[in-house]
Amino acid sequence: MSTYGIDLGTTYSCIARLDSNGNPEVIRNNEDDSNMVASVVFFENENNVVVGQAAKENIETDGDRVVQFVKREIGKRDMRTYTFDGKTYTPVEISALILTRLKNLVESQGNEIEDVVITVPAYFGLEERSATKQAGELAGLHVLSLINEPTAAALSYCARQFQEDRTILVYDLGGGTFDVTVVKMSMTRNEAGKDVQKINVLATGGDDRLGGKDWDDKLFDHILHACCDENGLTPEDIEAETRQDIRSKVEEAKRKLSKKQSAKVRIDVNGSRTEITIKRSDFEAMTSDKVAQTMNFVDSTLQKVPDVEIDTVLLVGGSTYMPMIQNAVEAKFPGKVQQHDPDQAVAKGAAIYASMLVVEESGDTPSADETSSDENPAEKPVSHTEQLTAKFTVEDQTPRSFGPGVMDTKGAKHQYVLENFIKIGEKMPAVFTKTYYPLEDNQERVRLRAFENMSLEDTLIPCVDEDGNPQATDPANNVKLLGELVVNLPPETPRDTPIKVTFKVDASGVHVEAVNTRTNEIFETFLRTESDIDVDNSAVHQLRISAD
Ligand code: ADP
Ligand code: MG
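This write-up is about the structure you can find in this document. (Residues numbered from 1 in each chain as written. Chains lettered and ligands numbered in written order. Predicted model: local features only at pLDDT ≥ 70, side-chain atom pairs only at ≥ 80, totals over all residues. Heavy atoms only, no water.)

## Some details on the packing of aromatic side chains
Moving on, step 1. In total, this model carries nine aromatic pairs according to the counting rule given.
Moving on, step 2. Ring geometry for Tyr171 against Phe178: centres 4.7 Å apart, planes inclined by 65°, an arrangement best described as edge-to-face.
Moving on, step 3. These aromatic residues form a ring-pair network of at least three members: Phe421, Phe432, Tyr436 and Phe503.
Moving on, step 4. Here the basic side chain of Arg72 rests over the ring of Phe69, its NZ or CZ set 4.7 Å away from the ring centre.
Moving on, step 5. Across from the ring centre of Phe220, 4.1 Å away, lies the NZ or CZ of Arg247, which sits over that ring. (Phe/Tyr/Trp six-rings, centres within 6.5 Å; stacked < 30°, edge-to-face > 60°. Lys NZ or Arg CZ within 6 Å of the ring centre and 35° of its normal.)

Right, dumping it as structure tokens:
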């Protein structure tokens, strides 16, 4: 099968597919002797761009030609760009280089790759999602769908041990980000009367600046200072090559400490060889505040769903190989912690999902019955994945809340408010319609703004600055302007003219429609990343909430 799942990670990426028995397997990166490809790009010169471990080896010596952590930039409105040898790259283009490397990995092993599912963090908004999809297309891949990383991890967990009705806390500590997600798996009956397993995201939390890199940095400082002490030097005396040497060895030492009680590193300090031994207990002591930080995020995420009981905690992300993490999580959730291939689970879940989508498309359902009618059923046992595929649907949910900005004229003072039509976590496609009215008689037009946000409130009060950027009262709501729809009104339109506004959200974006019910004229627009935002800030061109 030419269907693959891709975990496009902040620090490491991974690609997986289902083997001939229907079990997920990761495609090996033989060049780096790893299951991963480092999400690092080195622009060596105009003819040579290197992706992966070899790129990582230039961070200290040639840092200004290395791009890493690009996932943090993708889909941001004021997206930064990178220029090398006269050519400018957007984060989408850099991500496409990483995806191309993954694609080449498959092709170099003589396999075809066509359809893919790419994973994204559960908290990604529409723009980040759309930009990720674009990166896939730019790499020449057909992106069947995106899937939330914790959902993919939960899927690969279910493929191992199928369980009904579970609430899972996914603790994902990667290289540069920490994500906590509470997902609920439940059996429901779909419209066709078939029992299906549904995965819903109930709450998300975490920090996109907390990850394995913080552990690396602590270890780097520790080794640097130890090198200085051994040689009677100060950190300023240490040359860039020596720093790169330490940097290259830090991660390896950290990985060793996950297995052993101590690790040795040998560093050439400005020409003289120095051996440093690090004890696991010392490493744990110097990073204990980071562990505590992750546990605080677990607590704050659980507070968002106070009535929920956690059945299972899944450890995901390469950094959960560290015993200090396993111990801290186990102490909080005794007997509930599960960890299986933490650095591959997301890619494997994406591969399972990709094959589910292909099966769905072709109408070919590999069910348990079908396989047991095989002449020799003992030879080909039904894999968990196959059972899962037959039973499972991942319900696409809205990653954000969406709604228009309108004037509330009820109080003494007119207030520009955001009315959330569709809330985070609703089943997609989600549709909502509401009737508004022009602010004034003879109003020439309405500029109907569409917003995305993280709030579950019905109404928010955004204050829009002179650039059209909404300043939410609470920054945690993360209000973003998606764009606007201009509704022209014919001359002499009275202010009691009902204007019916509809928002429809599906995986590809937000469709906004306004109908002038007096003339039946329809105005519509489709908003996604590329939408040019051209916003008129004069307060007059608005709709008001209630009729007089
Ligand atoms: P991403 O952040 O891209 O999602 P991963 O989930 O693959 O990436 O996590 C990468 C992080 O995991 C890196 O910081 C890496 O050093 C760390 N890591 C991988 N294996 C180990 C290990 N055995 N012990 C400790 N840390 C590890
Ligand atoms: Mg990850």
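## Let's talk about the environment of Lys480
Moving on, step 1. Tracing the sequence through the fold places Lys480 in strand 26 (residues 480-488).
Moving on, step 2. On the basis of relative accessibility, which here comes to 18%, the residue Lys480 falls in the buried class.
Moving on, step 3. Separated by 26 residues in the primary sequence, Lys480 and Met454 have C-alpha atoms spaced 9.4 Å apart.
Moving on, step 4. A polar atom in the side chain of Lys480 sits 3.2 Å from the side chain of Glu127. (Helix = DSSP H or I, 4+ residues; strand = E, 2+ residues; numbered from the N terminus. Buried < 20%, exposed > 50% of the residue type's maximum accessible area, 1.4 Å probe, protein only. Polar contact = N/O pair within 3.5 Å; in protein donor to acceptor, adjacent residues only side chain to side chain.)

## Examining the site of ligand 1
Moving on, step 1. The environment of ligand 1 is formed by 17 residues, the closest being Thr11, Gly175, Glu251, Lys254 and Ser258.
Moving on, step 2. At 2.8 Å, a backbone N or O of Tyr12 approaches an oxygen atom of ligand 1.
Moving on, step 3. Contacts to ligand 1 include Arg255, whose side-chain N or O atom sits 3.3 Å from a nitrogen atom.
Moving on, step 4. Out of a free accessible area of 580 Å², ligand 1 has 91% covered by protein chains.
Moving on, step 5. Top contributing element to the shell around ligand 1 by residue count: helix 6 (residues 240-259), with four residues.
Moving on, step 6. Partitioned by chemical class, the residues of the shell around ligand 1 number three nonpolar, eleven polar and three charged. (Near = heavy atom within 4 Å. Areas by Shrake-Rupley, 256 points an atom, 1.4 Å probe, with all protein chains shown as cover. Nonpolar A, V, L, I, M, F, W, Y, C, P; charged D, E, K, R; others polar.)

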